[in-house]
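# Structural description and commentary
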Amino acid sequence: MKATTITFDSPTGYKLTGIVELPSSQKPHNFVIFAHCFTCSKDLTPVRIISRELTAQGFGVLRFDFTGLGASHGDFADTTFSSNVDDLLAAVEYLEEHYQAPSLLIGHSLGGAAAIFASAKANSIKAVATIGTPSDVKHVKHLFADKVEEIESKGNAKVQLAGREFTISSDFVKSLNENHLTQVLQNLRKPVLIMHSPQDDYVSIKHAEKLYVNAWHPKSFISLDGAHHLLMNKKDSSYTGRVIAAWALRYLNIPEKQSLKSEHEIVASLKAGDDYTTSIKAGDHYITADEPLSVGGNNFGPTPYELVSSGLAACTVMTLHMYARRKQWPLDHVECHVSYSKEHAADCEHCEEKSAKIDTFKRAIKITGDLDEKQIDRLLQIADKCPVHRTLHSETQVITNRL
């Protein structure tokens, strides 16, 4: 996973801070925006875990802090539910301009309500998923019910939420009263996934039922049985991320992976526009090769020479285990470390020339087991007889034909 910290402007002029996470082995097939829960932040552990489960499935993810929260600028006292929706729409515009228009919105708790409102206004959004989301945004008022009268009479009040002090304004309360989530759902013609824990003490499971009833098909409900509202158990947040990824793939446009066929043992394919990212089919297995970012690649896979070094390392450990099994030696574990470079030859035909270099594979082998020194020395000798090692030392030819 590759993570980049970004900033973008909210409609009210504040700098919002987010993190864009990309898959480590491919270009994103779709982008997702994650809206965190009320008074939370993009750095909440469950948010990070869900995002990383999505990147593992090829999604690009933007998670950001709403105005006045986390690393974003602004005063929370000046925010409303409507301003949260506007922040989400600004995030949609940022991705569209700098990466790719997002196709999926995910929201946790009140962030789920904001995601539904935003998805109704953002044309690029094809699906929306909610986690522990209330069916009525006014539900949030129960968190500061004892202060509502003071807020409405004085214009604002300080409240304690999750051990921290926040200033809640009368505009915020008014915004909660004016936005009707079920009405938006009834008019939303996009796939909706509702995830909720039956044991949620903050937002009752009854809210999930009401959301489901008011949503149009295709709609889905998945129980997060036993989970806390904030999904603080890693297993719960990992499960949530994997399920959302699997569900969304049914409704989003996913480019088909190139199918490679050959009568040869190996086939490699590279299309214009893919930089150096190369698809390989080795036997029945698919591999991606690439070059580092420093030379114009995407770093989505090992370089060609890293693949050659990998072949030497793999063949070495396999050969030593085969030999030890045949000898019935108690070999437990072998590690083979290989690095490749071109170095000045110590002994070569043109060694008098300062520019003369030779391909050099440096190999270090770690052997574990109840073996004596004589057995270990013999295994190190056998390492030089592994098939790939011998191929690298033998005279080799490559015969090229046109298909």
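As the structure is a prediction and not an experimental result, all values here were calculated from the model. (Residues numbered from 1 in each chain as written. Predicted model: local features only at pLDDT ≥ 70, side-chain atom pairs only at ≥ 80, totals over all residues. Heavy atoms only, no water.)

For the rest of this paragraph, the subject is the overall build of the protein. Helix and strand counts for the protein come out as 11 helices and 15 strands. A globule of 403 residues ought to have a C-alpha radius of gyration of about 22 Å, yet the protein, at 29 Å, is considerably larger. Burial statistics for the protein: of 403 residues in total, 46% are counted as buried. Working note: accessible area of the protein is about 22100 Å², and carbon and sulfur atoms make up 49% of it. Side-chain charges of the protein comprise 43 positive and 48 negative groups, with the mean position of each set lying 4 Å from the other. (Helix = DSSP H or I, 4+ residues; strand = E, 2+ residues; numbered from the N terminus. Rg over C-alpha atoms; globule rule 2.2 N^0.38 Å. Buried < 20%, exposed > 50% of the residue type's maximum accessible area, 1.4 Å probe, protein only. Areas by Shrake-Rupley, 256 points an atom, 1.4 Å probe, with all protein chains shown as cover. Lys, Arg positive; Asp, Glu negative; His and termini not counted. Charge placed at Lys NZ, Arg CZ, Asp CG, Glu CD.)

What follows covers helix α1 (residues 45-56). Over its 12 residues, α1 runs 17 Å from end to end, which matches the ideal 16 Å to within 8%, given 1.5 Å per residue. Every buried residue belonging to α1 is among P46, V47, I49, I50, S51, E53, L54 and T55, and all of these are buried. Where α1 is buried, its residues touch β2 (15-22), β3 (30-35), β4 (59-64), β5 (104-108), β6 (127-131) and α8 (234-248). Of the residues one or two after α1, G58 is the one with positive phi, at around 95°. (Expected span 1.5 Å × (residues − 1). Contact = heavy atoms within 4.5 Å.)

What follows concerns a positive patch on the surface. Together, R326, K327, R378, K385 and R390 give the surface a local cluster of positive charge. Along the chain, K385 turns up in the loop between α10 (373-383) and α11 (387-393). (Patch = residues over 30% accessible without salt bridge, like charges linked within 9 Å, V, L, I, M, F, W, Y side chains within 5 Å. Salt bridge = Lys/Arg side-chain N within 4 Å of Asp/Glu carboxyl O.)

Another point: the sheet that holds strand β11 (residues 266-269). Taken in spatial order, the three strands of this open sheet run β11-β12-β13, and their pairing is antiparallel. Edge positions in the open sheet fall to β11 and β13 (285-289), since each of these has one partner strand only. Strand after strand, the sheet turns through a mean of 20° between neighbouring axes, direction not considered. (Pairing = 2+ DSSP bridges. Axes fitted to C-alpha atoms, helices over the stretch in contact; angles between N-to-C directions.)

Glancing now at unusual backbone geometry. For the peptide bond that leads from H217 to P218, omega is 5°, which places it in the cis range. Within the secondary structure layout, P218 lies in the loop between α7 (205-214) and β10 (219-223). A positive phi angle, close to 65°, is found at T39, a residue other than glycine. Considering the arrangement of structural elements, one finds T39 in the loop between β3 and α1.

Turning our eyes to something else, we now look at the pattern of salt bridges. Scanning the entire structure with this criterion turns up 12 salt bridges. R63 serves as the salt-bridge partner of E21, at 2.8 Å between the closest nitrogen and oxygen. Of this pair, E21 sits in strand β2 while R63 sits in strand β4, and the two are 42 residues apart along the sequence. No difference in accessibility class separates E21 from R63, as the two residues are buried. E53 is paired through a salt bridge with R242; the nearest N and O atoms lie 3.6 Å apart. Within this pair, whereas E53 is found in helix α1, its partner R242 is found in helix α8, the two being separated by 189 residues in sequence. According to the relative accessible area criterion, E53 is buried, its value standing at 17%.

Another aspect to go through is the nonpolar core. Judged by nonpolar contacts, the single largest core of 54 residues is most densely connected at I33, F64, F81, L88, F144 and I168. Sorting elements by how many residues they give to this core places helix α2 (residues 81-98) first, with nine residues. Residue contacts for F81: discarding those within four places in its chain leaves L110, A113, A114, F117, V137, F172, S175, L176 and N179. C40, L104, L224 and V243 belong to the second-largest nonpolar core, a separate cluster that totals 26 residues. (Core = buried A, V, L, I, M, F, W, Y, C linked by side-chain atoms within 4.5 Å.)

Here the focus is the sheet that holds strand β9 (residues 192-196). Taken in spatial order, the eight strands make up an open sheet running β1-β2-β4-β3-β5-β6-β9-β10, and their pairing is mixed. Only two strands of the sheet have a single partner each, and these edge strands are β1 (2-9) and β10. This sheet shows a mean twist of 20° between the axes of neighbouring strands, independent of strand direction. Pairing of β3 with β5 involves four bridges; the strand directions are parallel. Note on β5: the bridge partner recorded for F34 is I106. Helix-sheet contacts for α8 involve β4, β5, β6, β9 and β10, and the interaxial angle to β9 is about 165°.

This paragraph deals with the state of the cysteines. In the structure shown here, the tally under the stated rule is one disulfide. Not part of a disulfide, C315 finds its nearest cysteine sulfur in C386, a span of 3.6 Å. Residue classification places C315 among the buried residues on the basis of a relative accessible area of 12%. The class for C386 is buried, based on a relative accessible area of 0%. (Disulfide = S-S within 2.5 Å.)

Relative to the assigned elements, W247 resides in helix α8. Along the chain, W247 and V192 lie 55 residues apart, while their C-alpha atoms are 9.8 Å from each other. What W247 contacts, discounting residues up to four positions off in sequence, is L104, A127, V128, P191, V192, L193 and S220. Of the polar contacts made by the side chain of W247, one reaches the side chain of S220; its length is 3.2 Å. (Polar contact = N/O pair within 3.5 Å; in protein donor to acceptor, adjacent residues only side chain to side chain.)

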